[in-house]
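Residue strings, one per chain:
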Amino acid sequence: MANSKIQDFFNRKFFEIPKYQRGYAWNKENVRDLFNDIREAEEVKSSHYIGTVVLSKSKKSDRVFFIVDGQQRTTTITMIINALIKKLSPDDASFYRRFYITENNVNRLKPLGKEKDFFEKLLDGKSLEPKNKSQRLLIQAYEEIEEQIEQIKDPLSFLNMIESLEILEFIEESEGDAIRIFQTVNDRGKPLSNMEKAKSLLVYFSNRYLDKKLDNKINDAFGEIFQMYDEIKFKGEELGITLIGSDKFSEDTVMRYHFVAYNDEDYDATAGYVLNFLKKRLNSYRKVGKKVGYQKVEDFITDYMESLQLFFQSLNTLIKRADKKKQYFKLFSILNLSATLYPLIVKLEMLGKLENKLPNANYKKFTFLDLIELIDVRIYKTRGTDPRADISRFACRLNQHSKDEDIQNWLLWYNKHWMNKPSFMNYLNGYIYGNRALPHIFVEYSENLRGTEFTMDELKKIANDRRFNPTIEHILSQKPKFTLKSHGFKSTEEYLEYEHSLGNLCVLEKNLNSGAQNKSTFEKVKVYDKSIFKMTKNIASQISTKSEFKKKDIEERTELLAEYFIKKWWC
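Computed from a predicted structure; not experimentally measured.

## A word on the overall build of the protein
Of regular secondary structure, the protein possesses 27 helices and 10 strands. Residue pairs at least 24 apart in sequence account for 74% of intrachain contacts in the protein once pairs closer than 6 positions are excluded. For the protein, the accessible area works out to roughly 25900 Å², and carbon and sulfur atoms hold 46% of it. Positive and negative side-chain charges in the protein, numbering 93 and 83 respectively, have mean positions lying 3 Å apart.

## Focus: the packing of aromatic side chains
By the definition in use, this model includes 39 aromatic pairs. Considering the side-chain rings of Trp-410 and Tyr-414, the 5.1 Å spacing of their centres and the 15 degrees angle between planes classify their relative orientation as stacked. Here Trp-410 pairs with Tyr-414, and both are found in helix H19 (residues 404-418), just 4 residues apart, close to one helical turn. Taken as a pair, Trp-410 and Tyr-414 share a single burial class, namely buried. With centroids separated by 6.0 Å and ring planes inclined at 80 degrees, the aromatic side chains of Phe-454 and Phe-533 adopt a geometry described as edge-to-face.

## Focus on the sheet that holds strand S2 (residues 14-17)
Reading across from one edge, S1-S8-S3-S4-S2-S7 is the order of the 6 strands in this open sheet, with mixed pairing throughout. In the strand order of this sheet, the two ends are held by strand S1 (2-5) and strand S7 (109-111), each with one partner. Taking each pair of neighbouring strands and ignoring which way they run, the sheet shows an average axis angle of 35 degrees. Across 4 bridges, S1 lies against strand S8 (residues 166-172) in antiparallel orientation. Opposite Lys-5, over in S8, you have Glu-166 as the bridge partner.

## Quick word on the packing of helix H14 (residues 290-322) against helix H16 (residues 342-350)
Two elements in contact, H14 and H16, have axes separated by 9 Å at closest approach and are oriented at 100 degrees. Taken together, the axes of H14 and H16 are roughly perpendicular relative to one another. Each of Ser-307, Leu-310, Phe-311, Ser-314, Leu-315, Thr-317, Leu-318 and Arg-321 in H14 lies in contact with H16, whose residues at this interface are Tyr-342, Pro-343, Ile-345, Val-346, Glu-349 and Met-350. In terms of residue class, the contact of H14 with H16 is built from 9 nonpolar, 3 polar and 2 charged.

## Topic: the pairing of strand S3 (residues 49-57)
Counting buried positions along S3 yields 7 of 9 residues, so the element is predominantly enclosed. As defined by bridge partners, S3 adjoins S8 across 6 bridges and the pair is classed as parallel. Counted as the bridge partner of Ser-56 is Glu-172 from S8. As defined by bridge partners, S3 adjoins strand S4 (residues 64-69) across 4 bridges and the pair is classed as antiparallel. Bridge pairing links Lys-57 to Phe-65 in S4.

## Some details on the pattern of salt bridges
Counting across every chain of the model gives 39 salt bridges. Note that Glu-251 is salt-bridged to Arg-22, the shortest N-O span being 3.9 Å. Here Glu-251, found in helix H12 (residues 251-262), pairs with Arg-22, found in the loop between S2 and helix H2 (28-44); they are 229 residues apart in sequence, far enough to count as distant. Its relative accessible area of 7% is what places Glu-251 among the buried residues.

## Here's the deal with the nonpolar core
Core analysis: the biggest nonpolar cluster contains 130 residues, and Phe-332, Leu-344, Ile-345, Leu-411, Phe-442 and Phe-565 have the highest contact counts within it. Sequence-distant contacts of Phe-332, defined by excluding residues within four places in its chain, comprise Ile-241, Leu-318, Ile-319, Ala-322, Leu-337, Tyr-342 and Ile-345. Counting 49 residues, the second-largest nonpolar core is a separate cluster that includes Phe-15, Leu-137, Ala-141 and Met-161.

## Regarding a positive patch on the surface
A grouping of Lys-481, Lys-519, Lys-526 and Lys-530 is seen on the molecular surface, where their side chains present a positively charged patch. Considering the arrangement of structural elements, one finds Lys-481 in the loop between strand S9 (470-474) and helix H23 (492-499). Residue class for Lys-481 comes out exposed when judged on its relative accessible area of 73%.

## A few points about unusual backbone geometry
Positive phi, close to 60 degrees, is recorded for Arg-12, a residue that is not glycine. Structurally, Arg-12 is set in the loop between helix H1 (6-10) and S2. If you check the backbone angles, Lys-212 has positive phi at about 65 degrees while not being a glycine. Its place among the elements puts Lys-212 in the loop between helix H9 (194-209) and helix H10 (215-238). Judged by relative accessible area, which is 36%, Lys-212 ranks as partly exposed.

## Focus: the packing of H16 against helix H17 (residues 368-383)
At their nearest, the axes of H16 and H17 sit 11 Å apart, and the two run at 180 degrees to each other. It follows from the interaxial angle that H16 and H17 lie roughly antiparallel. In contact with Leu-344, Ile-345 and Leu-348 of H16, H17 contributes Phe-368, Leu-369 and Ile-372. Here the contact of H16 with H17 is built from residues that sort into 6 nonpolar, no polar and no charged.

How each quantity is defined
- Residues numbered from 1 in each chain as written.
- Predicted model: local features only at pLDDT ≥ 70, side-chain atom pairs only at ≥ 80, totals over all residues.
- Heavy atoms only, no water.
- Helix = DSSP H or I, 4+ residues; strand = E, 2+ residues; numbered from the N terminus.
- Contact = heavy atoms within 4.5 Å.
- Areas by Shrake-Rupley, 256 points an atom, 1.4 Å probe, with all protein chains shown as cover.
- Lys, Arg positive; Asp, Glu negative; His and termini not counted.
- Charge placed at Lys NZ, Arg CZ, Asp CG, Glu CD.
- Phe/Tyr/Trp six-rings, centres within 6.5 Å; stacked < 30°, edge-to-face > 60°.
- Buried < 20%, exposed > 50% of the residue type's maximum accessible area, 1.4 Å probe, protein only.
- Pairing = 2+ DSSP bridges.
- Axes fitted to C-alpha atoms, helices over the stretch in contact; angles between N-to-C directions.
- Parallel < 35°, antiparallel > 145°, perpendicular 65-115°, else oblique.
- Nonpolar A, V, L, I, M, F, W, Y, C, P; charged D, E, K, R; others polar.
- Salt bridge = Lys/Arg side-chain N within 4 Å of Asp/Glu carboxyl O.
- Core = buried A, V, L, I, M, F, W, Y, C linked by side-chain atoms within 4.5 Å.
- Patch = residues over 30% accessible without salt bridge, like charges linked within 9 Å, V, L, I, M, F, W, Y side chains within 5 Å.

Right under this line is the structure:
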């Protein structure tokens with residue numbers, strides 16, 4: 001352990017970021033904070049501590065080190081110095097580039113895995129198209145760095161200030177030893193996720209009780225896991241999947257979903273709970289004794305690690321499939337599959353059963369994927385509740401010995417138990433405006449009316465282009481400017497009973513919605529005619545033909561739509 005200035009830290013060293021590390025995770029705010037730290041140190045004319053870096057020695061050379069902790073800061077410092085060098089005189093630039101960026105055509109800092117070539121091209125100033133979240137953040141960080149540097153009057157002086165920044169440097173003989181240090185010294189920068197803590201915990205038990213037997217396997221598995229999470233997050237945001245695009249969705253989220261499908265101890269476990277579960281289970285095995293207990297430690301680590309890795313792989317496969325297959329895109333991006341169903345759909349994918357046809361002859365045209373959509377529409381969206389215990393425990397029970405017929409029967413029972421046919425009909429005939437399945441339901445209905453499905457490009461435009469996002473439109477306005485009695489309503493109270501009913505609703509693109517707001521039905525015809533949705537165009541035709549839209553039209557339309565929806569999302 002030693003306090004080192006940045007200049008001493010980089011001197012004669014080459015750094016590699018192991019592929020098991022999570023990708024670059026700093027956002028613009030993190031970069032700005034680092035610049036503010038440097039400016040503050042410059043103003044008070046003193047050194048400034050910016051955190052800890054934990055290294056492990058490499059067998060390649062005594063000048064090569066793996067960065068076990070501190071890769072975010074080291075990467076950002078490297079990008080800042082690289083951008084500053086471009087502002088220096090040729091002689092100064094040559095010296096500092098060799099000292100900090102490249103020596104004899106070998107980069108001082110080298111991410112391993114997929115990010116290596118990308119990072120090199122980024123430093124070279126080449127135009128890049130990000131393929132995952134980490135790459136997107138690297139581009140955004142570098143753009144912020146360049147903007148910050150444009151405000152610096154003396155780049156060389158600022159670079160010298162960076163050289164005087166201090167870090168606490170740990171150098172360990174092996175990666176396992178370094179990870180054990182890493183567990184206790186991560187004191188600055190982006191907080192560790194529970195997933196990262198879990199990786200460190202597993203390596204710690206392997207390192208201490210299994211003679212490092214599983215160290216490499218754990219590191220390789222988590223390297224792939226972090227890479228897959230980056231791909232899931234990036235693709236989910238690109239496809240407009242609300243859940244995955246949320247700031248709250250992280251690798252810890254997937255860790256929780258996996259736990260639901262892995263263990264039935266708690267169907268609502270937090271990521272912190274999962275971490276404590278791992279600690280308790282490993283410690284309980286360790287206490288059994290070396291001969292039996294240590295073997296149990298090994299078996300448990302192997303089983304958990306392989307299961308977690310397969311879960312991430314399967315979720316990644318599903319999200320990639322949503323980019324190519326319309327049914328998956330609709331499920332994830334338009335219906336926005338409920339979070340409670342993620343453990344189940346991923347578990348079925350893990351077992352290779354998700355697209356299996358149902359074994360019952362009456363349902364042979366349907367798959368388990370269809371049943372999940374059915375359950376989400378009827379129970380989690382239309383009923384509007386979030387029953388988790390039964391579905392979570394069922395997902396946990398599923399294994400390679402589970403029979404398709406048993407899975408089918410349980411899901412059919414669950415569908416009927418929580419939303420039988422009369423209940424579904426009551427919901428469809430009542431207040432339905434707040435139903436989160438309506439955009440999906442109306443898109444499906446519009447496809448049925450026009451006789452063809454939307455193309456994938458059309459679906460992506462509907463889900464991801466804000467101008468075309470499907471909104472739920474009231475045909476008779478929420479703030480009526482018409483005479484209620486002339487439209488068949490006895491009173492305001494009666495109109496309010498119909499206002500949010502199925503027959504008074506349609507789907508309308510967001511960019512058209514404002515043009516129809518609070519207008520009469522006749523004024524809305526021109527707006528509805530511009531819609532890409534057949535159900536909305538049909539309403540325009542109906543109003544134009546009949547020259548009216550009244551209470552009885554709402555009743556007839558509610559009956560017509562409800563009949564279709566009952567058949568489409570059956571029980």
